[in-house]
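# Residue-level structural notes
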Amino acid sequence: MKILVTGGAGYIGSHTVIELQAVGHEVVVVDNLVNADLVSLKRVERITGKAVPFVEADIRDREAMEQVCQTYCFDCCIHFAGFKAVGESVLQPWKYYDNNITGTLVLLDVLGKSGCKNLIFSSSAAVYGEPETIPVTETCPRGRCANPYARSKSIQEQIMMDMQKADPEWNIVLLRYFNPIGAHRSGMIGEDPKGIPNNLMPYITQVAVGKLEKLSIFGDDYDTVDGTGVRDYIHVVDLAKGHVKVLDSIAGQCGLEIFNLGTGVGYSVLDVVRGFEKANNVKILYEIKERRAGDIAVCYSDPGKAERMLGWKAEYGLEDMCRDSWNWQKRNPNGFTD
Ligand code: NAD
Ligand code: UD1
């Protein structure tokens, strides 16, 4: 298939491009590089041995998007482009709603008019808010979102549901990612957050590499196995492969489906710290701090629907995730700028 990958220079997008090319899909990346470095795609080319056609454009730029769609006549779009920093979204909500929602509105319109009505969307477990049931199934209602980032995902989902209802020719798959970590086995690409990381694993790897002094663990008084927050960490390569499985299953279909992409296993913050230390033989200094506003105690998926309907199941465990995150960080202490 010929696939438009928006945001394909970013963390999850670049890993997905590798898996798409590996099974013979033709990929074109559109990214405005607002949160990525073109070096990531150069490295993808070195890994796959194939060129990655790239268009530098903002998905809100209607003319540019029309031009791309006209030139390539896509069969499907995998839509990663968007902002994702929770804290920033609280401080700059307009920026988030504009980029994420306006971007998606323009993209959907241009795609539809070009005749491409197959779309896979990067959603998030954040749309469940504080989940009603654990493990979280797709039938769990979208909850009260804790921040504008999560709300933008929830709104984008709703827009797509309404569009598909109005025009049943659309074939849309909403993928709700749990907590992606890890990196490509080669250590050539990985997550490269700007500034001080907000998320757990990049913080740990930056402590390990000596860029940060110690990890703050946000709360040890949750009702969990050791008092620290529990999440469903998933290897980014497993996540990337999930997109390929979706493509296999949706060809020629119409409708809207939602899938959780997680492992179904919950690990506490301390499990991750200890797992990282054991897998890599490095020490992680940490201290216990106050809970972080907006955090929930426990969130992990029931990934059964993806296994039943897509034949997809996460293969990597915590040790693999910790090893590959560290391999990427230690080879690239300053990310793609090295
Ligand atoms: P990322 O920031 O690494 O990648 C997003 C890419 O989109 C970047 O390359 C950025 O330059 C590009 N981009 C942003 N706005 C754009 C625009 N208007 N036009 C063109 N390109 C634009 O993030 P990621 O971690 O790879 O996440 C990919 C998607 O998955 C995002 O939509 C994110 O919200 C979603 N998601 C991520 C996580 C996570 O923990 N990483 C979890 C759940 C959902
Ligand atoms: C966070 C976002 C979520 C988003 C997801 C994307 C918040 C409140 N939620 O999820 O909306 O979809 O990232 O990746 O930001 N932790 C520490 N110390 C740290 C960092 C994290 O103890 O320095 C703990 C957190 O309290 C949590 C766990 O580690 O228990 C995971 O945190 P994080 O990696 O930020 O992911 P989420 O909070 O699950």
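Before reading on, note that the structure itself is shown above.
In short, a report on the structure. Just so it is clear, the structure is predicted and the values come from calculations on it, not from any experiment.

Taken together, 19 residues sit near ligand 2, with Leu200, Ser216, Arg231, Arg292 and Asp295 positioned nearest. At 2.9 Å from an oxygen atom of ligand 2 is found a main-chain nitrogen or oxygen belonging to Phe218. Relative to its unbound accessible surface of 740 Å², ligand 2 loses 87% to contact with the protein. Of all elements in the fold, only α7 (200-208) and β8 (215-218) reach the threshold of two or more residues within the shell around ligand 2. No other element matches the four residues that β8 contributes to the shell around ligand 2. Residue composition of the shell around ligand 2, grouped by class: ten nonpolar, six polar and three charged.

This paragraph deals with the nonpolar core. Counting residues in hydrophobic clusters, the biggest one holds 38 residues, and the most contacted among them are Val5, Leu20, Ile120 and Leu175. Looking at which element gives the most residues to this core, the answer is helix α8 (residues 236-250), with seven residues. For Leu20, the residues in contact, after removing those within four places along its chain, are Ile3, Val5, His25, Val27, Ile78, Val244 and Leu247. Ranked by size, the runner-up nonpolar core spans 26 residues in total, among them Ile59, Cys116, Phe121 and Leu174.

What follows deals with the sheet that holds strand β12 (residues 267-268). If you walk across this open sheet you meet the three strands as β12-β9-β14, and the pairing is mixed. Looking along the sheet, the strands with just one partner apiece sit at the ends: β12 and β14 (298-299). As paired strands, strand β9 (residues 230-231) and β14 are joined by two bridges and run parallel to one another. Paired with Arg231 across the strands is Cys299, a residue of β14.

Here the focus is the packing of aromatic side chains. Applying the stated criterion to the full structure yields five aromatic pairs. Taking the centre distance of 5.6 Å and the plane angle of 25 degrees together, the rings of Tyr72 and Phe74 count as stacked. A relative accessible area of 7% means that Phe74 is categorised as buried. Relative to Phe178, the ring of Tyr128 has its centre 6.4 Å away and its plane inclined at 35 degrees; by these criteria the two rings are tilted. One end of the pair, Tyr128, is in the loop between β5 (118-124) and α6 (148-166); the other, Phe178, is in the loop between β6 (171-177) and β7 (179-181), and 50 residues separate them in sequence. The class for Phe178 is buried, based on a relative accessible area of 5%. A cation over a ring is seen here: Lys95 above Phe83, with NZ or CZ 5.0 Å from the ring centre. Across from the ring centre of Phe259, 4.9 Å away, lies the NZ or CZ of Lys305, which sits over that ring.

What counts, and where the lines are drawn
Residues numbered from 1 in each chain as written. Chains lettered and ligands numbered in written order. Predicted model: local features only at pLDDT ≥ 70, side-chain atom pairs only at ≥ 80, totals over all residues. Heavy atoms only, no water. Near = heavy atom within 4 Å. Polar contact = N/O pair within 3.5 Å; in protein donor to acceptor, adjacent residues only side chain to side chain. Areas by Shrake-Rupley, 256 points an atom, 1.4 Å probe, with all protein chains shown as cover. Helix = DSSP H or I, 4+ residues; strand = E, 2+ residues; numbered from the N terminus. Nonpolar A, V, L, I, M, F, W, Y, C, P; charged D, E, K, R; others polar. Core = buried A, V, L, I, M, F, W, Y, C linked by side-chain atoms within 4.5 Å. Buried < 20%, exposed > 50% of the residue type's maximum accessible area, 1.4 Å probe, protein only. Contact = heavy atoms within 4.5 Å. Pairing = 2+ DSSP bridges. Phe/Tyr/Trp six-rings, centres within 6.5 Å; stacked < 30°, edge-to-face > 60°. Lys NZ or Arg CZ within 6 Å of the ring centre and 35° of its normal.

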